[in-house]
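Chain and residue survey
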Amino acid sequence: MSTPRVRFAPSPTGPLHIGGLRTALYNYLYARKLGGTFILRIEDTDQKRYVEGAEQYIREALTWSGMAPDEGPEAGGDYGPYRQSERSELYAKYTQQLVDAGKAYYAFDTPEALDAARSAAEADGKVFRYDSSTRGGLDNSLEMSADALNARLATDEARVVRLFVQADEQVVFSDVVRGTVRMSTNELDDKVLMKADGLPTYHLANVVDDYEMKITHVIRGEEWLPSTAHHVLLYDAFGFRQNMPAFAHLPLILKPVGKGKLSKRDGAKFGMPVFPMEWDDQASGETFSGFRESGFLPDAVINFLAFLGWNPGTEQEMFNLEELVVAFDLDKIGKSGARFDFDKAKWFNQQYISQLSDDAFADMVAPSVQEAGFDVSREKLLALAPLMRERLNTANELPTTGAYLFTSPNAFDDKQAEKRLKKADLDQLAHVGAILEGVSSWDAEQAGTQLKSWANEHEVKLGILLPLYRIALTGGMSGPDVFELGEVLGKEETIQRWETALAHFRSLQSNLSAA
Ligand code: GLU
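Keep in mind that what you see is a predicted model, and the values were worked out from it rather than measured. (Residues numbered from 1 in each chain as written. Predicted model: local features only at pLDDT ≥ 70, side-chain atom pairs only at ≥ 80, totals over all residues. Heavy atoms only, no water.)

**Points about the overall build of the protein**
Using the following cut-off: Helix and strand assignments follow DSSP, with helices taken as H or I runs no shorter than four residues and strands as E runs no shorter than two, numbered in order from the N terminus. The quantity called the radius of gyration is restricted to C-alpha atoms. Its globule counterpart is 2.2 Å times the number of residues to the power 0.38. For this analysis, residues touch if any pair of their heavy atoms sits within 4.5 Å. Computed with a 1.4 Å probe, the accessible areas rest on the Shrake-Rupley method; for each residue, only the protein chains presented here act as cover. Counting rule applied: Lys, Arg positive; Asp, Glu negative; His and chain ends not counted. The location of each charge is read from NZ of Lys, CZ of Arg, CG of Asp or CD of Glu.
From N to C terminus, the protein includes 21 helices and 13 strands. Scaling as 2.2 N^0.38, a compact globule of 515 residues should have a C-alpha radius of gyration of about 24 Å, whereas the protein reaches 32 Å, well beyond that. Expressed as lengths along the three principal axes of its C-alpha atoms, the size of the protein is roughly 110 × 55 × 35 Å. Looking at the protein alone, contacts between residues at least 24 apart form 72% of all its contacts between residues at least 6 apart. Of the roughly 24200 Å² of accessible surface on the protein, a fraction of 47% belongs to carbon and sulfur atoms. Of the side-chain charges in the protein, 54 are positive and 76 negative, and the distance between the mean point of each set is 5 Å.

**Brief notes about the pairing of strand β4 (residues 160-163)**
Which entries qualify depends on this criterion: When accessible area is computed with a 1.4 Å probe and restricted to protein chains, residues below 20% of their type maximum are described as buried, those above 50% as exposed, and intermediate ones as partly exposed. In this analysis, strands are considered paired if DSSP registers two or more bridges between them.
Side chains of β4 alternate between two faces, with Val160 and Arg162 and Val161 and Leu163 buried alike. Of the pairings in the sheet, the one linking strand β3 (residues 104-107) to β4 comprises four bridges and is antiparallel in character. Across the sheet, tyrosine 106 pairs through a bridge with valine 161, a residue of β4. Sheet topology note: the β4/strand β7 (residues 192-194) ladder contains two bridges and is antiparallel. Bridging across to β7, valine 161 finds its partner in methionine 194.

**Looking at the pattern of salt bridges**
The following threshold applies: When a carboxyl oxygen of Asp or Glu is within 4 Å of a side-chain nitrogen of Lys or Arg, the pair counts as a salt bridge.
This model, assessed by the stated rule, comprises 32 salt bridges. With its nearest N and O atoms 3.3 Å apart, the salt bridge here joins arginine 59 to glutamate 74. Of the two residues, arginine 59 sits in helix α2 (residues 54-64) while glutamate 74 sits in the loop between α2 and α3 (88-100), which places them 15 residues apart along the sequence. Assessed through its relative accessible area of 16%, arginine 59 is described here as buried. Assessed through its relative accessible area of 62%, glutamate 74 is described here as exposed. Here arginine 87 makes a salt bridge to aspartate 209, at a shortest N to O gap of 2.8 Å. With arginine 87 in the loop between α2 and α3 and aspartate 209 in helix α6 (residues 202-212), this pair connects stretches of sequence that are 122 residues apart. Each member of the salt-bridge network shares a partner with another, and the members are Arg7, Arg41, Glu43, Arg87, Asp209 and Asp210.

**Considering a positive patch on the surface**
Test applied: To count toward a patch, a residue needs a relative accessible area over 30% and no salt bridge; like charges are then connected within 9 Å, while nonpolar side chains (Val, Leu, Ile, Met, Phe, Trp, Tyr) are connected within 5 Å.
A contiguous patch of positive charge, built from Lys415, Lys419, Lys422, Lys423 and Lys461, is present on the exposed surface. Along the polypeptide, lysine 423 turns up in the loop between α15 (414-421) and α16 (426-429). The exposed category is assigned to lysine 423, whose relative accessible area is 69%.

**Here's the deal with the pairing of strand β2 (residues 37-40)**
Heads up, the rule is: Assignment of crossover handedness uses the view with strands pointing away from the viewer, where a clockwise path from the first strand over the helix to the second indicates a right-handed crossover.
Neither face of β2 is exposed, since Thr37 and Ile39 on one face and Phe38 and Leu40 on the opposite face are all buried. Both strand β1 (residues 5-8) and β2 contribute to a ladder of four bridges, which runs parallel. When the sheet's bridge partners are listed, arginine 7 is paired in β2 with isoleucine 39. Crossover connection from β1 via helix α1 (residues 18-33) to parallel β2: handedness right-handed.

**Side note on the side chain of arginine 59**
The following threshold applies: A 3.5 Å cut-off defines polar contacts: any pair of N or O atoms within that distance qualifies, except that in protein one atom must be a possible hydrogen donor and the other a possible acceptor, and neighbouring residues in sequence count only when both atoms are side-chain atoms.
A polar side-chain atom of arginine 59 sits 2.4 Å from a polar atom in the side chain of glutamate 55. Within the local environment of arginine 59, its side chain forms a polar contact with the side chain of glutamate 74, the two groups lying 3.3 Å apart. Aside from chain neighbours lying at most four places away, what touches arginine 59 is Leu40, Pro73, Glu74 and Arg83.

**Considering the site of the ligand**
How we decide: For this description, a residue counts as near a given molecule or strand if any of its non-hydrogen atoms is within 4 Å of it. Ten residues, namely Ala, Val, Leu, Ile, Met, Phe, Trp, Tyr, Cys and Pro, are considered nonpolar, four, namely Asp, Glu, Lys and Arg, are considered charged, and the remaining ones, Gly among them, are considered polar.
Neighbouring the ligand are Arg7, Ala9, Ser11, Glu43, Tyr202, Asn206, Arg220 and Trp224. The contact in question runs from a nitrogen atom of the ligand to an N or O atom on the side chain of serine 11, over 2.9 Å. A distance of 3.0 Å separates an oxygen atom of the ligand from a polar side-chain atom of asparagine 206. Isolated, the ligand exposes 290 Å² of accessible area, and the fraction of that covered by the protein chains is 85%. The class makeup of the residues in the shell around the ligand is three nonpolar, two polar and three charged.

**Quick notes on the nonpolar core**
Soluble globular proteins: nonpolar side chains tend toward being buried together. Counted only if it meets this: Think of a nonpolar core as a cluster: buried Ala, Val, Leu, Ile, Met, Phe, Trp, Tyr and Cys residues, connected wherever their side-chain atoms sit within 4.5 Å.
The biggest cluster of nonpolar side chains holds 112 residues, and the ones touching the most others in it are Phe291, Phe340, Phe361, Leu429 and Phe505. Among the elements that line this core, the one with the most residues is α1, at nine residues. With near-sequence residues (within four places) excluded, phenylalanine 291 lies in contact with Ile18, Trp64, Pro273, Phe275, Pro276, Met277, Phe296, Val301, Phe304, Phe340, Phe342 and Ala345. Of all hydrophobic cores here, the second largest spans 39 residues; its members include Phe173, Leu204, Val208 and Met213.

The structure is reproduced here in structure tokens:
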């Protein structure tokens, strides 16, 4: 068997939705797994919906996630061009072939005439469909003489080409995810194949290109399942049925609440990104947030997406791209919708951040630290890696959750401090500064040992001293090991923070006793 040729075929009608990235991923994984070819095809035949910058966005999203196409508008390849807008002649040729064979026909119905037919059907309690039951009464070439038709074609009258769908037939095809799918042709309309603007519809271009590009597997979202019946009819009409690709329709991605399809508006609604990268929408002036800008690592996003519809059948959750290639298969894709659980995405991100090298960690946090206005040396960021690597959900949160790493706390958790201050002897604790001062080689180990042995000797409870020391250094009760933090802050800064906090503790304590 030849190796698979799969395609990711987005329409550049806006930014790539996260569901689109999942489609790309499953195609990519399947190709890589079997040594096949991953193709990017830009389906840009709908001029009305074309959005400037969308193709660029799609390519950048693929690059960011590490899924470079083997063939595509930029990569080139033997089956190009890979933008449908550059393949018009081909579609015209194939359309003519269908018309000549009597499998497709011209229709001249004006939008007004179609509206009228629709209203008439509705008045009868029916839904209008351009099909075997209605086409006889409409303005098309089916009953026209060749002369009459040619005369009309010679004018600039608007016309479309429609597929002739036979009544009372069954369309049967098999889907890798859903098994055998059956549809009656009585449910199907005579789809427009060629539009009045001379450009093909999605259906025609998609089928022609899958055939011409020798696509072996069509892996795409479930929303395309109903269209597949028409595609199968097209393969039959062209006589390509032997070469029809296998179909795999991926389950829907559902809202975080579990009901309804995830939409682009859900990002703002649930406070999470639903696009791989930020997108400034020119039409509405809105900005849609992206995983990349929200501080997610591509590996984490990929791992998270892989599990929206697929699972390996084992307990293992962590899979980088190469591991996914090995574990992935189409037969492990589920039928039921997958919930977009943003907490799970953060969990994956946290896992991947915790595995970063010191250098990669420093690279990751540097932009947000700088943006927050902290002037921090590379050396310090490297030193923070072991302390903070396991404590971040996103790349951006270091300057907020860990502001104390860069600047002394501007507030203290008084409630937590007071709990300890009730029993603390601050005159005794006033020696802490001197003890720290006396630590000759300033590192976490030395500072910790000396402070603790001083406390033991003077019967100072560690349960009181250590929380106050932590509050002095960080402002609150969370954060990394407090002696390691002190090491990174440096001796002088640590002592200074302690002294500042001590003064604050004194006033808190006197308020307590006055109360
Ligand atoms: N252009 C379609 C889209 O935007 C492609 C669907 C398919 O893969 O056939 O998703």
